[in-house]
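Residues per chain are reported as follows:
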Amino acid sequence: MASKYDALARIIIQNVGGKENIVSLTHCITRLRFQLRDESKANTEVLKSTDGIVTVMRSGGQYQVVIGNHVPQVYEVVCEKAHISGAQSEEAEGDKNMAWGAWMLDLLSGTFQPILGFLAAAGIVKGLLAVLVFVAGASVKDSGFYQMMYAIGDGFYYFLPMIIAASCAKKFKCNPYLGMSIAAALLYPAMVGLETTGTLFEGTLMALDYKTTFLGIPVVYPKSGYASSVVPILVATGVGAKLEKYFKKIVPDTLKLFFVPFLTVIIIVPLTFIVIGPVAGILTNLLNAFFQAIFAIPVLGGVVTGILIGALWQILVIFGLHWAVIPIGIANISTYGSDLFMTPYFAASFAQSMVVAAIYIKTKDKNMKTMALPALVSGLFGVTEPCIYGITLPKKKPFIISCIAAAVGGGILGGAKVLRYQSGALGFFGFMSFVKDGEPMSNVIWAVIAVAEAMVLAFVMTIATYTDDEPKAKKNHSGKKGFGG
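Each value, and the rule that gives it
- Residues numbered from 1 in each chain as written.
- Predicted model: local features only at pLDDT ≥ 70, side-chain atom pairs only at ≥ 80, totals over all residues.
- Heavy atoms only, no water.
- Pairing = 2+ DSSP bridges.
- Helix = DSSP H or I, 4+ residues; strand = E, 2+ residues; numbered from the N terminus.
- Buried < 20%, exposed > 50% of the residue type's maximum accessible area, 1.4 Å probe, protein only.
- Contact = heavy atoms within 4.5 Å.
- Polar contact = N/O pair within 3.5 Å; in protein donor to acceptor, adjacent residues only side chain to side chain.
- Axes fitted to C-alpha atoms, helices over the stretch in contact; angles between N-to-C directions.

A.B. asks: Looking at this structure, how should I read the pairing of strand β6 (residues 208-214)?
C.D. replies: Within a regular strand, the side chains alternate between the two sheet faces. With three bridges connecting them, strand β5 (residues 198-200) and β6 associate as antiparallel partners. Across the sheet, the residue bridging to Leu200 is Leu208, located in β6. Bridge analysis of β6 against strand β7 (residues 217-221) gives five bridges, and the strand direction is antiparallel. Bridge assignment links Tyr210 to a residue of β7, and that residue is Val220. If you look at the hairpin formed by β6 and β7, you'll find two residues sitting between the two strands, and Leu215 has a positive phi there, around 55°.

Spelled out as structure tokens, the structure:
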């Protein structure tokens, strides 16, 4: 069946160098993320000037075509027209050409992007249930409604290693059931239920409890166990993928079906318990101690950190570098039940949205108004790429204003040491991240204050400074004028 995105998909395929130049294709909330064999074959300027494309970015070893909120539909048509399955090609030459840092960003973004929507949904459910308990009282916890909804929210987080394993396995191009087998062992009730028998490095930041031994070697569990953990399963799946690849080479074809999985899991699972898990736990403890120390600096520690995170967050998003820090926040929540480090970014999307709201009110350009309204709605729900690429970044000053307002909002959040208890929820739904049963509502109050300040400051500054004396609408590929929103 013909799609309204057929023409756009053909233009994209042609101008990324044709389907032969595509190694892999994924998408996030607003972007098509290509790995190309040769980026020099891509016609970037043609793509940038095409109606339906906001802009093009190169980051993290990926060629990113920013589409907007309808990117899933465009993605499906591009996959259909290019005769590719999406996700990952069996070839790894795109990975081989990546620098280590770019490869790591690609791994993290490729692992967390597919699960972000459900991660957000689970966080929203848990936040709403906390509000319900606050309003209706603790007795509501005994109701079947509460118990089922809590299973939806908390179940996703509890089995997060299993979900990450399946997603991560696609990036490592290994059997997804390998990663899930590792996660299943980490979460197995008989292992989780073992009593602690001792502590390694007791009295230090590297302190780790162990429950039993494996051939005389302590089997270590993090403080909160492996439920909801992030780093151990990422590393274990990567190492397991290497083992699987090695055994596929040396095991005879007639024995591969059973012996490759057998040999892989009997090595990688014990290795995860006795090496990967403890090392990941120590690194997590040290990293958290580092951030706690920064926030603990008298008077200015949290404020300065919050200002920096708030100011730089949207710049990190532009280059895809935010995927390098998001797992830190998720790991903190899974290990300690809350996160301080990632909280200051929360005001950024609201600051960006209010800049666009001010432009919508003040501009006399009908095309700008047409583009600004849907971008504003998208931004208020946490998806700011249409605001950034379509409106504020090309005009420069509005983008700078949004960063300034976000910095002040971030300073308030950091200075008040606001904690969040769930991950993934964006925009207005993000307020649910600051609510937890039994925890003070002051976190939500400070979040509201910080966001309100960022919104007002961004709106007033833009109203006071914006004019339409800017470059006019760009030309599309056919020579007609139009915007890429």
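Now that the structure has been shown, we can carry on.
A.B. asks: Looking at this structure, how should I read the environment of Asp437?
C.D. replies: Note that Asp437 resides in the loop between α18 (397-415) and α19 (442-465). On the basis of relative accessible area, Asp437 is assigned to the partly exposed category, the value being 33%. Note: C-alpha distance between Asp437 and Val133 (304 residues apart in sequence) is 6.8 Å. If near-sequence neighbours (up to four positions away) are discounted, Asp437 is found in contact with Ala130, Val133 and Lys141. In terms of polar contacts, Asp437 uses its side chain to reach the side chain of Lys141, at 2.3 Å.

A.B. asks: Explain the sheet that holds strand β2 (residues 31-36) here, please?
C.D. replies: Within a sheet, each strand pairs with its neighbour through backbone hydrogen bonds, oriented either parallel or antiparallel. Taking strand neighbours across the sheet as the criterion, the four strands line up as β1-β2-β4-β3 in an open arrangement whose pairing is antiparallel. Only two strands of the sheet have a single neighbouring strand rather than two, namely β1 (22-27) and β3 (55-59). Across the sheet, the axes of successive neighbouring strands diverge by a mean angle of 25°, strand direction being ignored. Contacts between helix α3 (residues 71-82) and the sheet are confined to β1 and β2, with β1 contributing the most and set at about 155° to the helix.

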